[in-house]
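Read off the chains here:
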There are 2 protein chains.
Amino acid sequence: MAEQKIALVVGLGLIGGSVAMALRGFEDYRVIGADRDAHTLHFAAEHHVCDEVTEHVESVLGRADVVIFAMNPKGIADQLKACRDAFKPGAVVTDVGGIKGAIMEAAQCLPDTVDFIGCHPMAGKETSGIENAEKTLFENAHFIITPGKNSQQEHIDLLWRMGQHMGFRDIVITTPEEHDAIIAYTSQLMHIIAVATCDDEDLFRCKGFEGGSFRGCTRVAALDVPLWAELFSMNAPALCRCIRELEEHLHAYREVLEAGDMPRLVEKLEYSAARKRKMNLE
Amino acid sequence: MAEQKIALVVGLGLIGGSVAMALRGFEDYRVIGADRDAHTLHFAAEHHVCDEVTEHVESVLGRADVVIFAMNPKGIADQLKACRDAFKPGAVVTDVGGIKGAIMEAAQCLPDTVDFIGCHPMAGKETSGIENAEKTLFENAHFIITPGKNSQQEHIDLLWRMGQHMGFRDIVITTPEEHDAIIAYTSQLMHIIAVATCDDEDLFRCKGFEGGSFRGCTRVAALDVPLWAELFSMNAPALCRCIRELEEHLHAYREVLEAGDMPRLVEKLEYSAARKRKMNLE
């Protein structure tokens with residue numbers, strides 16, 4: 001009988017915990033979870049988040065066939081550096097960071113014997129910590145894979161199958177540059193909109209008057225500040241372009257409203273609504 | 001046995017149809033639905049949306065104890081004018097419009113023998129028409145009541161009980177001025193954000209990269225253009241103030257990002273996220 005392979009998840013927070021839970025039972029892999037926090041490890045062991053938990057990453061690193069780093073982006077970059085000589089030759093190393101360029105750059109420090117391939121499971125919640133991890137967190141989510149320049153096809157295929165096993169709705173392969181440019185708009189800008197909307201002086205006066213549109217727009221405003229401050233600042237030029245563009249589009253609507261130009265307002269609304277319909281997101 | 005009272009819903013679209021469905025069985029009221037569209041009436045009759053349907057509003061108007069106008073704001077204003085001499089003396093007349101000042105003003109044309117009280121069921125969908133009406137549409141929604149200056153308490157109480165019967169999460173009584181000022185922010189601005197976000201040139205490139213935040217923020221962008229063009233233009237000064245304030249808050253975030261000022265970014269995010277948490281919306 002072949003020896004069981006090992007998938008090591010480093011960092012058992014909301015995302016790492018959910019990844020571990022969703023990954024259990026994948027092919028012939030044993031899922032080991034590592035975290036430095038005793039409470040987190042205890043919770044993970046108690047709730048069978050992984051097949052095995054450990055406080056000591058280094059005790060597993062040299063045996064792990066797949067290593068998944070699941071902390072904040074700067075933490076991932078630091079860990080890659082700290083672990084660079086301890087990986088098993090031939091290991092596939094990946095991460096779950098919401099930014100890919102800076103992480104792929106940090107991964108340059110790894111030896112040629114390991115294959116770093118970035119991943120971004122596009123799911124989250126307004127809470128954090130393993131207590132909020134869910135096996136089904138990825139069910140309606142996209143899984144983005146950003147291979148390195150020398151990544152092997154069999155390793156990309158392995159992560160693809162892992163993504164399928166974890167229950168993602170679909171899987172996309174792209175470059176780190178493309179990922180970061182698009183994510184600035186589809187994810188980071190939405191978080192900036194949410195927090196900026198909550199800066200309105202009328203916020204607290206509005207309770208009892210909010211509808212689904214308000215809840216939808218501001219849902220993510222109570223964000224994990226250290227995480228998002230990193231994500232925003234590591235992608236600032238692309239994000240700033242998106243914010244500026246939104247400022248301009250808002251301004252254009254305001255001008256038409258201030259001018260009382262009803263035909264132009266209708267025309268603009270028709271245009272925007274048709275674009276949304278064409279997107280056809282369910 | 002006392003004669004059964006009549007609640008007449010004029011306009012059986014998404015909201016009117018849902019109101020009729022949710023109102024059925026309220027105390028000793030018979031719910032009659034009126035619409036000019038033959039297909040709508042046929043659908044309403046077939047699906048038991050009301051206790052009775054009619055093409056002829058005027059045939060019921062003189063007998064109706066409560067009349068609920070459920071069309072676009074301008075349509076409501078027009079109907080109030082057209083019907084002003086046909087109401088039953090003592091009738092309570094109301095509406096479901098998302099704007100209250102302009103409608104309450106239009107209701108000034110009504111005789112003293114009827115009591116006009118504005119209502120705003122804060123619920124909706126990205127679809128319209130009776131096919132999309134739902135009895136449970138109001139379950140997680142607020143119901144806003146804006147009484148007239150001379151409205152009678154017993155009539156306000158009646159609409160309150162109707163709101164309870166329709167299943168609203170809660171009911172708020174306020175002035176039309178307060179309603180319109182707040183709704184400019186909590187509802188209209190959210191729709192402007194949604195459409196302005198969809199004007200981004202990168203929209204179609206982003207499919208496969210959107211997460212829950214994008215879906216939440218842009219859900220309402222495929223809006224009912226004639227309805228929202230009316231709502232926006234009838235509340236333009238308040239809405240423009242909200243848009244300008246958002247432009248400023250977005251700009252402030254952009255400045256901090258462009259400056260690469262990480263401590264200030266963290267401080268701003270802490271501030272906004274704490275405001276959202278304090279709102280405590282579920």
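The structure we're discussing is the one just above.
Residues numbered from 1 in each chain as written. Chains lettered and ligands numbered in written order. Predicted model: local features only at pLDDT ≥ 70, side-chain atom pairs only at ≥ 80, totals over all residues. Heavy atoms only, no water.

1. Section: the state of the cysteines
Simply put, disulfide is the name for a covalent bond between the sulfur atoms of two cysteines. Applying the stated criterion across every chain, the model contains zero disulfides over all chains. Looking at C217 of chain B, it has no disulfide partner, and the nearest cysteine sulfur is the one in C217 of chain A, 4.4 Å off. (Disulfide = S-S within 2.5 Å.)

2. Digging into the interface of chain A and chain B
Chain A puts 86 residues into the contact, and the matching count from chain B is 86 residues. Roughly 8,400 Å² is buried in total at the junction of chain A and chain B, and carbon and sulfur atoms are behind 66% of that figure. Interface area lost by chain A to chain B is led by Y185, D199 and F209 of chain A, which between them contribute 10%. Run the count over chain A and chain B and you get eight salt bridges. At the boundary of chain A and chain B, one finds 34 residue pairs in polar contact (both at pLDDT 80 or more). Elements supplying a minimum of two residues to the side of chain A that touches chain B: β7 (142–147), α7 (176–198), α8 (212–218), α9 (225–233), α10 (236–258) and α11 (262–279) of chain A. Across the side of chain A that touches chain B, the residue classes tally to 43 nonpolar, 18 polar and 25 charged. (Contact = heavy atoms within 4.5 Å. Buried area = accessible area lost by both parts, 1.4 Å probe. Salt bridge = Lys/Arg side-chain N within 4 Å of Asp/Glu carboxyl O. Polar contact = N/O pair within 3.5 Å; in protein donor to acceptor, adjacent residues only side chain to side chain. Helix = DSSP H or I, 4+ residues; strand = E, 2+ residues; numbered from the N terminus. Nonpolar A, V, L, I, M, F, W, Y, C, P; charged D, E, K, R; others polar.)

3. Section: the pattern of salt bridges
Summed over the entire model, instances satisfying the criterion amount to 28 salt bridges over all chains. Two residues, R169 of chain B and E210 of chain A, come together in a salt bridge whose shortest N-O distance is 3.2 Å. With R169 of chain B in the loop between α6 (153–166) and β8 (170–173) and E210 of chain A in the loop between α7 and α8, this residue pair bridges two chains. One salt bridge connects D65 of chain B with K88 of chain B, and the closest N-O pair in it is separated by 2.8 Å. Remark: K88 of chain B occurs in the loop between α4 (73–83) and β5 (92–95) and D65 of chain B occurs in the loop between α3 (57–61) and β4 (66–69); sequence separation between them is 23 residues. Overlapping salt bridges bring together R244 and E247 of chain A together with R254 and E258 of chain B as one network.

4. Quick look at the packing of α7 of chain A against α10 of chain A
Residue and element names in this part refer to chain A. At their nearest, the axes of α7 and α10 sit 9 Å apart, and the two run at 60 degrees to each other. It follows from the interaxial angle that α7 and α10 lie oblique. Considering only the axes of α7 and α10, their crossing is right-handed. Taken together, the residues of α10 that come into contact with α7 (itself represented by D180, A184, Y185, Q188, L189, I192 and I193) are A238, L239, C242, I243 and L246. Across the contact of α7 with α10, the residue classes tally to ten nonpolar, one polar and one charged. (Axes fitted to C-alpha atoms, helices over the stretch in contact; angles between N-to-C directions. Parallel < 35°, antiparallel > 145°, perpendicular 65-115°, else oblique. Left-handed = near helix turned anticlockwise from the far one by under 90°.)

5. Describing the sheet that holds β4 of chain B
Residue and element names in this part refer to chain B. Read across the sheet, eight strands follow the order β3-β2-β1-β4-β5-β6-β7-β8 without closing on themselves; strand pairing throughout is mixed. The open sheet has two free edges, formed respectively by β3 (52–54) and β8, since each of these has just one partner strand. Taken over all neighbouring pairs, the strand axes of this sheet differ in orientation by 25 degrees on average, direction set aside. This element, helix α1 (residues 14–23), spans β1 (5–10), β2 (29–34), β4 and β6 (115–121) of the sheet and lies at about 160 degrees to β1. Helix α2 (residues 38–46) rests against β2 and β3 of the sheet, and its axis sits at about 170 degrees to β3. (Pairing = 2+ DSSP bridges.)

6. Details of the pairing of β5 of chain B
Two faces, one strand: in a regular strand the side chains alternate between the faces of the sheet. Residue and element names in this part refer to chain B. Burial of β5 is two-sided: the residues V92 and T94 facing one way and the residues V93 and D95 facing the other way are all buried. As defined by bridge partners, β4 adjoins β5 across four bridges and the pair is classed as parallel. Opposite V66, over in β5, you have V92 as the bridge partner. Where the polypeptide runs from β4 across α4 and back to β5, its parallel neighbour, the crossover connection is right-handed. Bridging between β5 and β6 involves two bridges; their strand directions are parallel. Paired with V93 across the two strands is F116, which belongs to β6. With helix α5 (residues 101–106) bridging β5 and the parallel β6, this β-α-β connection has right-handed handedness. (Buried < 20%, exposed > 50% of the residue type's maximum accessible area, 1.4 Å probe, protein only. Right-handed = clockwise from strand over helix to strand, strands pointing away.)

7. Quick word on unusual backbone geometry
Look at H48 of chain A: it is not a glycine, yet its phi comes out positive at around 50 degrees. Judged by its relative accessible area of 56%, H48 of chain A falls in the exposed class.

8. A look at the environment of R63 of chain A
All names here are of chain A. Looking at the secondary structure, you find R63 in the loop between α3 (57–61) and β4 (66–69). It is 9.4 Å that separates the C-alpha atoms of R63 and A86, two residues lying 23 residues apart in sequence. Other than its neighbours up to four places away in sequence, R63 contacts I6 and K88.

9. Considerations on the sheet that holds strand β6 (residues 115–121) of chain A
Residue and element names in this part refer to chain A. Judged by pairing direction, the sheet is mixed, and its eight strands sit side by side in the order β3-β2-β1-β4-β5-β6-β7-β8 without closing on themselves. Of all strands in the sheet, those with a lone pairing partner are β3 (52–54) and β8 (170–173), marking the two edges. The average angle at which neighbouring strand axes cross in this sheet is 25 degrees, direction not considered. Bridging between strand β2 (residues 29–34) and β3 involves three bridges; their strand directions are parallel. Among the inter-strand pairings, G33 is bridged to a residue of β3, identified as V53. Across the sheet, helix α2 (residues 38–46) lies against β2 and β3, angled at about 170 degrees from β3, the strand it touches most.

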